[in-house]
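The primary structure of each chain is shown beneath.
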Amino acid sequence: MASVTAEDIKCELDTFNIAFNNDTVDKMLEQCLCHRLGGEEIVCEWFAFSSSREQLPLTLENLDQFEHEVSISVQNVITGSQKRALTTPEHPQSKRGVARLASPSLLLSPASFSSSATPSQKYGMRSGRGEVVSSFGAVQGPRWTGKGWSAVRVELLEEGENSLISSYKYMFQRLRDVRDVLTEKIEELGEELRSHFNIEEFSPVSLPVQDSITVLGQVCCDSNGKLNAQSVLLEAGQEQGGRLVPVNLSELKEFSLFPGQVVVMEGMNPSGEKFVATKLYEGIPLPFYCPSEPVMVMMACGPYTPSESLTYDPLIDLITIINKDRPDVCILFGPFVDSKHEQIEKNQVTETFENIFKRCVDSIVEGTKGSGCRLVFVPSQRDVHHHYIYPQPPFSLTNLSKDDSARVTLAPDPCTLLIGNVTFGLTSTDIVFHMGAEEISSGTGTERFSRIMKHMLTQRSYYPLHPPAEEVNMDYDKFQQFSQMNLTPDILIVPSELRYFIKDVIGCVCVNPGRLTKGQVGGTYGRLLIQPNPVLVEGKRVSPCIAGQVVKI
């Protein structure tokens, strides 16, 4: 189909003597892009729709009703319903037009997934559609559209895409191997901190001395309960004796600690039985990659259905937005088929989980083809059809055409992507929620989300918490290879159940776009506009000039 322009639509509307304005023409152009229609086709459809309603005038509100009802009509025709399609004898709807309009909603028809699926009333009646609920950077002036058919490059920085497909050792891991992974983490970070702060050497944490010493270790809890200021233990690395010693934090003015955190502390241990900390050294992030090419990126995280209905209306709405805004890249995090959905838990579906997932992906790929948007799919531990292990291998999509494969990137969880010379750190595992439940602090200083993001960056890990949350099945061999940060990303995307945010943390823009649905109602998605900016100002690394928003679906 040739590219449709506003002038094409105006010409067709004049032919039918239909009154219009620039807003209604822009809306019809948006619908053409979404449903892959030509100017003549959409005007014919509108004429049939308007004629059946006593010459309904062409307004934005009526165009919304037109799009909704014609899409339903097309689905009914294809699925065997006897309801009449919205056409007239003078302007019959071609099969070609039907096929275009049916994508992507036809593939996501609720009746094909569950015998009891009905559209969510609460989702359909939601308020605040398109409302910006969180902003960052240059909120005045940016135009939230991409270039369309962008040649921006999307590349995995680590070679995890193929390596993570190989066999895992989870449930067959030896405790000695797990200990070696954790010890190596302590020693690598410890050496970086020792060099950065010019520390001569680390002393054994259990060494009974009257003078101040500097020790290295990993934070632990003295029981299976939640970490608190009285339950902190420090586990030394093997080179420092490997002992576990309780830590007294009362002399520290400010602290923020969580289980698994590698720290350097200064203090005394007169008896050898309890270390009294007097100074806590801050971790240091890795160097940044240098960004240059401007990019518009959109991101969304599942679930893509309301909780009470297995209908993918939120996903269809997102596809419409992608076609309207035409981002250079869209990053889509799972779950796509949510293991926590009531109908999935009760197996009240008429298709296999794999087929439902395939329909979702086919709808996204086919439905956004006209936008030229590059697509990145990141799996979730909650994707019922996929391997729920951490780190998580990428999805396998064997049915993509050559052209579709060229604009689709299948990424593991977690991963680091290079998008147009800007580095993105991605993880769908809810580390914000997990660390938020375990972190303790002195109650002063930075806000909680900023502290958690800073811990991830300075611990140089996409999942620094140890032991992990109960729902995370950790393979420590793969964790050591594929869950560490080899550089500080320009942008870190961490979808979470907790409240959305966009904030700059030590030079990295951290984004929680929220989830596309929250229970029975609509949620949020995120978008970023990345513009070129000097990397250094007066010799100091600054955040790229990035504008960001979290928007209600």
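As annotated in an unreviewed UniProt entry, the protein carries the name DNA polymerase alpha subunit B and is attributed to Cyprinus carpio. In UniProt, the protein has this text filed under Sequence similarities (unreviewed entry): "Belongs to the DNA polymerase alpha subunit B family." The record held by UniProt for the protein lists under Subcellular location (unreviewed entry) the comment "Nucleus".

A. Quick peek at the sheet that holds strand β2 (residues 154-156). Strands sit in the order β2-β13-β14-β16-β18-β17 across an open sheet of 6 strands; the sheet is mixed. One side of each edge strand has no neighbouring strand; the edge strands of this open sheet are β2 and β17 (501-505). On average, each strand axis in the sheet is tilted by 25° relative to the strand beside it, whichever way the strands run. Bridging between strand β13 (residues 415-419) and strand β14 (residues 422-426) involves 5 bridges; their strand directions are antiparallel. Bridge pairing in β14 places T416 opposite G425. Taken strand by strand, helix α14 (residues 448-459) contacts β16 (491-493), β17 and β18 (508-512), and its axis lies near 55° from that of β17.

B. The arrangement of the packing of aromatic side chains in detail. Per the stated rule, a full pass over the model turns up 12 aromatic pairs. Joined through ring pairs, the aromatic side chains of Y304, F336, F357, F377 and F395 make up one cluster. The ring of Y123 carries R126 above its face, with NZ or CZ at 3.9 Å from the centroid.

Criteria and thresholds
- Residue indices begin from 1 for each chain and proceed along its sequence in written order.
- At least 70 in pLDDT is required for a residue's local features to be given in this predicted model, at least 80 for side-chain atom pairs to be given and counted, and no such filter applies to totals for whole chains, interfaces and linings, which use all residues.
- The side-chain figures draw on all heavy atoms in the structure; neither hydrogens nor water molecules are used.
- UniProt positions are given in the numbering used here, feature names are shortened, and annotations may be inferred rather than shown by experiment.
- Pairing between two strands is assigned when DSSP locates at least 2 bridges connecting them.
- Each helix is a run of H or I in the DSSP string that is no shorter than four residues. Each strand is a run of E no shorter than two, and both are numbered from the N terminus.
- With axes taken as lines fitted to C-alpha atoms, and helix axes fitted only over the stretch in contact, angles between N-to-C directions fall between 0 and 180 degrees.
- Contacts between residues were defined by any pair of non-hydrogen atoms, one from each residue, lying within 4.5 Å.
- Any two rings among Phe, Tyr and Trp, with Trp reduced to its six-membered ring, count as a pair given centres within 6.5 Å; such a pair is stacked if its planes are under 30 degrees apart, edge-to-face if over 60, and tilted if neither.
- For a Lys NZ or an Arg CZ to count as sitting over a ring, it must be within 6 Å of the ring centre and within 35 degrees of the ring normal.

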